[in-house]
Amino acid sequence: MAFWLVKSEPDAYSWQTFVRDGRSAWTGIRNAQARINLNTMRLGDGVLFYHSQVGKEVVGTATVVREAYPDPTSEDPRWLAVDLAPGAPLPRPVTLTDIKADPELAEMTLIRHTRLSVSPVTDTQYRRVLQRGGSTESG
DNA sequence: GCCAACGTTGGC
DNA sequence: GCCAACGTTGGC
């Protein structure tokens, strides 16, 4: 099982909306590296849900509930989407500042490739984020 | 095939 | 609001 982080601007699609929806097709990704990451996601993989621009913090977890398929919002069948379902909110969201200040997290792809919207996370990093967020999940 | 111009993302 | 990073586009 692998781990990932997805970004969303809360003004466009927030964690709260995601929870209310119960499931979401992760569409509109138009970046080659992000597409590779989408294509590598497997059912049941763990995902961190990050609020970019407004909040700048990891706010909850999600899981992959459908593996990559052609993004229905694109004419070009090479662009991919996955479906995600919400897991649990983090009792204490983990901010970008927290992540940068934590030596275990400062090397995250989130930090190294600021503009990548779908990025890999190591299992150590994943557990660390959950732990810092006060999650009672596996971490 | 190079590279300048431009648009977008996202942190500050 | 500004700017750095960086991907894309288009002229040559």
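Residues numbered from 1 in each chain as written. Chains lettered and ligands numbered in written order. Predicted model: local features only at pLDDT ≥ 70, side-chain atom pairs only at ≥ 80, totals over all residues. Heavy atoms only, no water.

(A) View of the overall build of chain A. Secondary structure assignment for chain A yields five helices and six strands. Going residue by residue from the N terminus, the α and β elements of chain A occur as β-α-β-α-β-β-β-α-α-β-α. Here the C-alpha atoms of chain A give a radius of gyration of 14 Å, agreeing with the 14 Å that 2.2 N^0.38 yields for 139 residues. Counting only C-alpha atoms and orienting by the principal axes, one finds that chain A spans roughly 40 × 30 × 30 Å. (Helix = DSSP H or I, 4+ residues; strand = E, 2+ residues; numbered from the N terminus. Rg over C-alpha atoms; globule rule 2.2 N^0.38 Å.)

(B) Structural view of the protein's contact with DNA strand B. Neighbouring residues of DNA strand B: Lys7, Tyr50, Ser52, Gln53, Lys56, Leu96, Lys100, Thr114 and Arg115. Each atom of DNA strand B within 4 Å of the protein was assigned to sugar, phosphate or base; sugar and phosphate come to 71%. Separating a phosphate oxygen of DNA strand B from a side-chain N or O atom of Lys7 is a distance of 3.3 Å. One nitrogen or oxygen atom from the main chain of Gln53 is found 3.0 Å from a phosphate oxygen belonging to DNA strand B. In terms of residue class, the surface near DNA strand B is made up of two nonpolar, three polar and four charged. (Near = heavy atom within 4 Å. Polar contact = N/O pair within 3.5 Å; in protein donor to acceptor, adjacent residues only side chain to side chain. Nonpolar A, V, L, I, M, F, W, Y, C, P; charged D, E, K, R; others polar.)

(C) View of helix 5 (residues 123–132). All buried positions along helix 5 are accounted for by Gln125, Tyr126, Val129 and Leu130. Each buried residue of helix 5 sits inside an arc of 135° when the element is viewed along its axis, so together they form one side. Turning to helix 5, the residues buried within the fold contact strand 1 (3–8), strand 3 (46–51), strand 4 (57–70), strand 5 (80–95) and strand 6 (118–121). Positive backbone phi, approximately 75°, marks Gly134, located one or two places after helix 5. (Buried < 20%, exposed > 50% of the residue type's maximum accessible area, 1.4 Å probe, protein only. Arc of directions from axis to C-beta. Contact = heavy atoms within 4.5 Å.)

(D) Main features of the nonpolar core. Among the nonpolar cores identified, the biggest contains 20 residues, and Val6, Trp26, Met41, Phe49 and Leu84 are the most heavily contacted of them. Where this core is concerned, the elements lending two or more residues are strand 1, helix 1 (15–21), helix 2 (32–40), strand 3, strand 4 and strand 5. Dropping the residues within four chain positions of it, Leu84 is found in contact with Val6, Phe18, Arg23, Ser24, Trp26, Val47, Thr63, Val64 and Val65. Among the nonpolar cores identified, the runner-up in size contains 15 residues, and Leu48, Val58, Leu105 and Val121 belong to it. (Core = buried A, V, L, I, M, F, W, Y, C linked by side-chain atoms within 4.5 Å.)

(E) Looking closely at the sheet that holds strand 1. Strand order in the open sheet formed by six strands is 2-5-4-3-1-6, with mixed pairing between adjacent strands. Edge positions in the sheet fall to strand 2 (24–26) and strand 6, since each of these pairs with one other strand and no more. Neighbouring strand axes in the sheet, compared pairwise and without regard to direction, differ in orientation by 40° on average. Bridge count for strand 3 against strand 4 is six bridges, and the pairing is antiparallel. Among the inter-strand pairings, His51 is bridged to a residue of strand 4, identified as Glu57. The strands touched by helix 2 are strand 1, strand 4, strand 5 and strand 6; relative to strand 6, the strand with the most contacts, the crossing angle is about 55°. Packing against the sheet, helix 5 makes contact with strand 1, strand 3, strand 4, strand 5 and strand 6, and its axis sits at approximately 45° to strand 5. (Pairing = 2+ DSSP bridges. Axes fitted to C-alpha atoms, helices over the stretch in contact; angles between N-to-C directions.)

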